[in-house]
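# Structural overview for review
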Amino acid sequence: MTSELTDYTVLTPETTLGVVADSLREADELIAAAVDIDEPRTYANTLAPLDAAITLTNDAYGVGGFMSQVHPDEAIRAAGAEAEELHSKWLAGLAFRRDLHEAVKSYSEAGDATGLTGEERRNLEFWLRDFRQAGQDLSQDKREEIEQLRNRLIELNVALERNLAEWEDGIDMTADQLAGMPDNYLERLEPGKHAGTHRVTVAYPDYVPFMDQATNRDARQWLQFKFLNRAATANMPLLNEAVQVRWEIARKLGYSSFADYAMETKMADPDAVADFYASIVPGLTSLGQSELALLRPLMEADNPGEPIEQWDWSYYDAMQRKQDFGVDDNEVAEYFPLEAVVAGMFDICGDMFGIDFTEVANPKTWHPDVSVYTIADRASGRTIAHYYADLHPRPGKFSHAACWRLQAGVNTPDGYRHPVTVVAANFTKPTEDAPSLLKHDEAVTLFHEFGHVLHNALTEVALPRFSGTQTERDFVEAPSQIMENWMWEPEVLGRFARHHETGEPIPADLVAKMVAARDQNVALKTLRQVFYGHYDLALHGGHGPMDADDAYYEHVALTLLPPHQATHLGASFGHMASDGYVAGYYGYLWSKVYGDDMFSVFSDEGVLNPAVGERYRRAILAKGGTISGMDLLRGFLGREPSSEAFLRQIGLG
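Everything in this summary refers to the structure shown in the same document. (Residues numbered from 1 in each chain as written. Predicted model: local features only at pLDDT ≥ 70, side-chain atom pairs only at ≥ 80, totals over all residues. Heavy atoms only, no water.)

### Regarding the packing of helix α14 (residues 270-302) against helix α24 (residues 587-605)
- Their axes nearest at 11 Å, the elements α14 and α24 cross at an angle of 75°. Classed by the angle they form, the pair α14 and α24 counts as roughly perpendicular. Residues Ala272, Phe276, Tyr277 and Ile280 of α14 touch α24, and the partners they reach there are Leu589, Trp590 and Val593.
- For the contact of α14 with α24, the residue count by class is 7 nonpolar, no polar and no charged. (Axes fitted to C-alpha atoms, helices over the stretch in contact; angles between N-to-C directions. Helix = DSSP H or I, 4+ residues; strand = E, 2+ residues; numbered from the N terminus. Parallel < 35°, antiparallel > 145°, perpendicular 65-115°, else oblique. Contact = heavy atoms within 4.5 Å. Nonpolar A, V, L, I, M, F, W, Y, C, P; charged D, E, K, R; others polar.)

### Describing a negative patch on the surface
- Taken together, the side chains of Asp183, Glu187, Glu432 and Asp433 present a region of like negative charge at the surface.
- Inspection of the secondary structure assignment puts glutamate 187 in helix α9 (residues 183-187).
- Assessed through its relative accessible area of 64%, glutamate 187 is described here as exposed. (Patch = residues over 30% accessible without salt bridge, like charges linked within 9 Å, V, L, I, M, F, W, Y side chains within 5 Å. Areas by Shrake-Rupley, 256 points an atom, 1.4 Å probe, with all protein chains shown as cover. Salt bridge = Lys/Arg side-chain N within 4 Å of Asp/Glu carboxyl O. Lys, Arg positive; Asp, Glu negative; His and termini not counted. Charge placed at Lys NZ, Arg CZ, Asp CG, Glu CD. Buried < 20%, exposed > 50% of the residue type's maximum accessible area, 1.4 Å probe, protein only.)

### Points about the nonpolar core
- With 178 residues, the main nonpolar core has Phe210, Tyr277, Phe336, Trp486, Tyr535 and Phe636 as its most contacted residues.
- Listed in part, the 18 residues of the second largest apolar core include Tyr8, Leu11, Tyr388 and Ala402. (Core = buried A, V, L, I, M, F, W, Y, C linked by side-chain atoms within 4.5 Å.)

### Observations concerning empty space enclosed by the protein
- Per the counting criterion, the structure on display carries 2 cavities of 30 Å³ or more.
- Approximately 50 Å³ is the volume found for the largest cavity.
- Lining the largest cavity are Ser68, Gln69, Ala81, Glu84, Val158, Glu161, Arg162 and Ala165.
- Among the elements of the structure, α4 (67-70), α5 (74-93) and α8 (140-166) are those that each provide at least two residues to the lining of the largest cavity.
- Here the lining of the largest cavity takes 4 residues from α8, the largest share from any one element.
- Taken together, the residues of the lining of the largest cavity break down into 3 nonpolar, 2 polar and 3 charged.
- Taken as a whole, the second largest cavity spans an internal volume of roughly 30 Å³.
- What lines the second largest cavity is Ile348, Cys349, Met352, Phe353, Phe447, Met483 and Trp486.
- Among the elements that take part in the lining of the second largest cavity, helix α17 (residues 338-353) stands out by supplying 4 residues, more than any other.
- By residue class, the composition of the lining of the second largest cavity is 7 nonpolar, no polar and no charged. (1 Å grid on protein atoms, 1.4 Å probe; cavity = no way out; pocket = protein on both sides within 12 Å on 5 of 7 lines; lining within 4 Å. Points joined across faces, edges and corners; volume = space filled by probe spheres on them.)

### Overview of the sheet that holds strand β1 (residues 170-173)
- Taken in spatial order, the 3 strands make up an open sheet running β1-β3-β2, and their pairing is antiparallel. Edge positions in the sheet fall to β1 and β2 (190-191), since each of these pairs with one other strand and no more.
- For β2 and strand β3 (residues 198-201), the ladder comprises 2 bridges, and the chain directions are antiparallel. When the bridges of β3 are listed, proline 191 appears paired with histidine 198.
- Helix α10 (residues 204-213) contacts β1 and β3 of the sheet and is inclined by roughly 95° relative to β3.
- Those strands touched by helix α11 (residues 217-228) are β1 and β3, and its axis lies near 155° from that of β1. (Pairing = 2+ DSSP bridges.)

### Some remarks on the pairing of strand β7 (residues 402-407)
- Most of β7 sits out of view: 6 of its 6 residues are buried.
- Of the strand pairs in this sheet, β7 and strand β10 (residues 420-424) are connected by 5 bridges, and their pairing is antiparallel. Opposite alanine 402, over in β10, you have alanine 424 as the bridge partner.

### Remarks on helix α1 (residues 13-35)
- Between its first and last C-alpha atoms α1 spans 33 Å; for 23 residues at 1.5 Å apiece the expected length is 33 Å, and the two agree.
- When α1 is considered as a whole, its buried residues turn out to be Thr16, Gly18, Val20, Ala21, Ser23, Leu24, Ala27, Ile31, Ala34 and Val35.
- Of the surrounding secondary structure, the elements contacted by the buried residues of α1 are α2 (43-46), α3 (48-63), α4, α5 and α6 (98-108). (Expected span 1.5 Å × (residues − 1).)

### As for the pattern of salt bridges
- Enumeration over the complete set of coordinates arrives at 43 salt bridges.
- With its nearest N and O atoms 2.8 Å apart, the salt bridge here joins glutamate 241 to arginine 152. Within this pair, whereas glutamate 241 is found in helix α12 (residues 232-252), its partner arginine 152 is found in helix α8, the two being separated by 89 residues in sequence.
- We classify glutamate 241 as partly exposed; its relative accessible area is 30%.
- With its nearest N and O atoms 2.6 Å apart, the salt bridge here joins arginine 394 to aspartate 390. An identical accessibility class is assigned to arginine 394 and aspartate 390; each is buried.

This is how it looks when you write it as structure tokens:
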């Protein structure tokens, strides 16, 4: 069974909200029928309707609620945010329903429940866990209090995301302030309000290159100040309230912290994360101090006696990469036009995983920038998924890079319904005169997000709860972290990296320099990830809620750089508005351990070995969350997981 692609061109604010509201009414009817039955309970009449209801409402979110992230019409984005909140509250509310809890509990104690196996058995266990985490063992008054708090948290998360997406700011820069920026950067900037100025915004395609290349230190400081204060006035009170609400939920449920509560469904627990960080921070700190010592002469030459600040770090990192390794980020970008990177990514993944990509002609998407691709299984020729690519910035759009599942791959009465996935990113938009040229780290980001696409697209899971990326949240990044490794392999880059004007392949010596420079300042870069993880756990672990600004100033020393005073990191730290990543940001490094370990198999047997790719597809990607992440790893690796490859990559092995 395939699925019809949505016609997003006909959406209005009313239909954007209506499609979600209608799905919730239909889902409530399915659940009511499952709750109110006189016959003996079976999986088919008790849990299967819940699966169908969740599939129905998640599909509607992919049409309506998701528009809050990407639609160019502000009114439709607003309706999408309302739809997202409506759907999130309904979904969270299922575990608070007493009648549903009693129906599932009754089923678990009798009937065919004792004979369940595989996905169905795991599904029942997870439903019982959901009910326990919603406080179904508590009094009605307590449950109602927790549900009210949960609903308020959803409202806060939606508001945080929308405030950030809608935020627009920047600086009208003079020629002196723009010194060091290449012509192709200047040519695409909008003119400022005053003659001779150009507008540099806080959007990633403007901000990141500026921080890497602008020689005017004051301008870098000013732009970073604005970047770190995005939506600060609106979002900081909301974030602090969200942190407080999470703690109240955890305490009412009997947990010592929100981190304890949130990690109950993950691979790790707070103690394991603390041990993980303790095992790498001392070595990273020592190595990072050595790395800073090598950067200081560059800083001293420009600004004698001045310390390296947050707004200096990426500038001198790029300068060092050019001086020590001969790697000029602008020169490298000449070999990574976006279209060629996408084609190369499809070519490599096609050969590795036995799939083919075909662009859909005239897709009816939410914006002309969006491309849609059919993904087909190469052996059978049948369509198995669709992929939407929304890769350029615009006002009101999600401001970073992420992957969403618009439709899950699941069993239906009509056969297997294939998944639909989207990546929204913010890469420089091409013009009539110039292509979109990706910095190498942007190309790495695209590969990373495409790992999530493959996880969703190649699923063979029957139930929505376990389909695609629905694994433990501290494992879900492993299939995307592994993808980053291919962007450093000469054999891979040689297949598609071509100069956008001459068509010449990227020189082997430039690739060698890039690979040699990969580990430059690896400790400082990893310590930034450690800082974000500590910041998250400072808010949600420990002994009580912490003010978000206080958490920044308490833990920023982990980066080995001074804080950027009077900035408010939490306001634009979008992960803190996502339940999956709250008390879970550590998962990026945690899952990198496993991604690097899995890639070591490719390194040993051939980085483009299709036999290993097929094994990885079947053992990891196809299985989704049907078994634990650790068992998935053991199944693919044929041994216990190891941190050896990870430690080596971060300079500690």
